[in-house]
Amino acid sequence: MLQPEERSESFFLDTRYAIDTSNPIQTVVTNGLAYMQEAIPRFTEDLHRLTLIDSPSEHKEGLDTMADQLAVLLQRFEMQTTIVEHARGNALIGTLVGDNPHAPTCLLLGHHDTVHPVGSAQTRTQLDEDKFYGPGTVDMKAGLLQGIYALEILKQHDYRNFKKLIFLSVPDEEISNRYQASLVRQIARDEKPYVLGLEGASAIGTVVTRRKGCAHYRLTAEGRAAHAGSSPEKGRNAVLELAHQIVQAQSFMGWRPGFTINAGPIQGGSRANIVSDFAQIMFDIRFLHLEDRFDAEARWRELLRNQLVPDVQLTLTSEPDSMVPMAATEASLGMAEKIQFITENILHTRFAPETRGGASDCCKTADEGCPSIDGLGAIGSGAHTATEYVKLPPIPKRVALLAGLIVAITSENS
């Protein structure tokens, strides 16, 4: 496999892909598609190199190596790169300044951490016909690479009608204690960009226009221990009361459109012959609107008064790792309309916008007022499993779509 320094830079000089300034979106998408069809072997090499880097969220060495390798890929077409160092894992920022200070800035947003343990990359990475298997491929190393190749296409076409293009990859998206969250928000506040999230998708014309918010709650029950055989009446069973409260909490499922609740890890009691004096459970809730969360919490606290076991003290606390929804706004839906135009009129495929229950860093940028669309990454399946893979055939169209979307955003709003 060729190393980056051994690669020829001649692919940036191919005049077959010169831009027609009279119709830049059509030209970038059409020629970008042809360009990517020829570039797939090189793309696959790059993906293989990235996938072989073990980069679980807790593995600083792998996270830093990923940031360095992404920087090398961006530097191939003269993008300025900055490594944002952190004791737990480095982030990467790439910046390309355009010629039109009145045009918008676009932020391509992704993450290079995975959920897979160290050692899995060597055993799971393989190419099987049109599927590339490996840890973190669809979530989201292939998506990061697609973003880089989309920027490469714009460079190839010498398209510069933008204020700035920013590529940001963070090392902490897969964990709840996100130490680079302030970096995402700071860029959103400072640059006011249109945000293109590189999370995976299910079809060529699929993008994510809305994401649910997410919050975790801890419910603790404190009762009174007693001998379960000789004096059970002296006890106050915290486990029994918690079970009752779990059933009550499930009444929130679907109480408002899109609202879900899941009873998660639970613990309680010490021995079967002791009336349990302690029990605790975590809940995960998802919501389309922030007010749904707060209304649910207020109603939930009312339900806690309806106890099955008297004298058990109940405490409901929210955990700090919450995410606000990625709401659909007029500006973000305008971006979606551009995607629809490209997918249906140039790529001749079906446009399929989605609302997803999972949160992402685009929730942060949307919360800062930035128009945000997610799910512009790779197509595949098995995310977070040992059989995770991406499909190679859709990659040219997805990269061309992303490149064309950047042109559509910056040319219309300049």
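Here is a short report on the structure shown in this document. Everything numeric in this text was worked out from a predicted model, so none of it was measured.

The rules behind these values
Residues numbered from 1 in each chain as written. Predicted model: local features only at pLDDT ≥ 70, side-chain atom pairs only at ≥ 80, totals over all residues. Heavy atoms only, no water. Phe/Tyr/Trp six-rings, centres within 6.5 Å; stacked < 30°, edge-to-face > 60°. Helix = DSSP H or I, 4+ residues; strand = E, 2+ residues; numbered from the N terminus. Buried < 20%, exposed > 50% of the residue type's maximum accessible area, 1.4 Å probe, protein only. Axes fitted to C-alpha atoms, helices over the stretch in contact; angles between N-to-C directions. Left-handed = near helix turned anticlockwise from the far one by under 90°. Contact = heavy atoms within 4.5 Å. Nonpolar A, V, L, I, M, F, W, Y, C, P; charged D, E, K, R; others polar. 1 Å grid on protein atoms, 1.4 Å probe; cavity = no way out; pocket = protein on both sides within 12 Å on 5 of 7 lines; lining within 4 Å. Points joined across faces, edges and corners; volume = space filled by probe spheres on them.

**Here we look at the packing of aromatic side chains**
And step 1. Evaluated as defined, the whole model comprises nine aromatic pairs.
And step 2. Ring geometry for Y217 and W300: centres 5.4 Å apart, planes at 55°, overall tilted. Of the two residues, Y217 sits in strand β9 (residues 213-222) while W300 sits in helix α7 (residues 290-303), which places them 83 residues apart along the sequence.
And step 3. For W300, a relative accessible area of 2% gives the class buried.
And step 4. In this structure an aromatic cluster arises from ring pairing among Y217, F252, W255, F259, F283 and W300.

**Points about the packing of helix α1 (residues 24-51) against helix α10 (residues 395-412)**
And step 1. Contact geometry of α1 with α10 gives a least axis separation of 8 Å together with a crossing angle of 145°. Both α1 and α10 take part in a crossing whose hand is right-handed. Contact residues: P24, I25, V28, V29, G32, L33, M36, Q37, I40 and F43 in α1; I395, P396, K397, V399, A400, A403, G404, V407, A408 and S411 in α10.
And step 2. For the contact of α1 with α10, a count of residues per class yields 15 nonpolar, four polar and one charged.

**A few points about empty space enclosed by the protein**
And step 1. This structure, assessed with the given rule, holds two cavities of 30 Å³ or more.
And step 2. A volume near 50 Å³ is recorded for the largest cavity.
And step 3. In terms of lining residues, the largest cavity is bounded by L109, G110, H111, M140, E173, G197, L198, E199, S360, D361, C362 and D374.
And step 4. The element best represented in the lining of the largest cavity is strand β3 (residues 105-111), accounting for three residues.
And step 5. By residue class, the composition of the lining of the largest cavity is four nonpolar, four polar and four charged.
And step 6. The computed volume of the second largest cavity comes to approximately 30 Å³.
And step 7. Around the second largest cavity, the lining residues are Y217, F252, F259, I261, I285, R293, A296, E297 and W300.
And step 8. No other element matches the four residues that α7 contributes to the lining of the second largest cavity.
And step 9. Among the residues forming the lining of the second largest cavity, the class breakdown is seven nonpolar, no polar and two charged.

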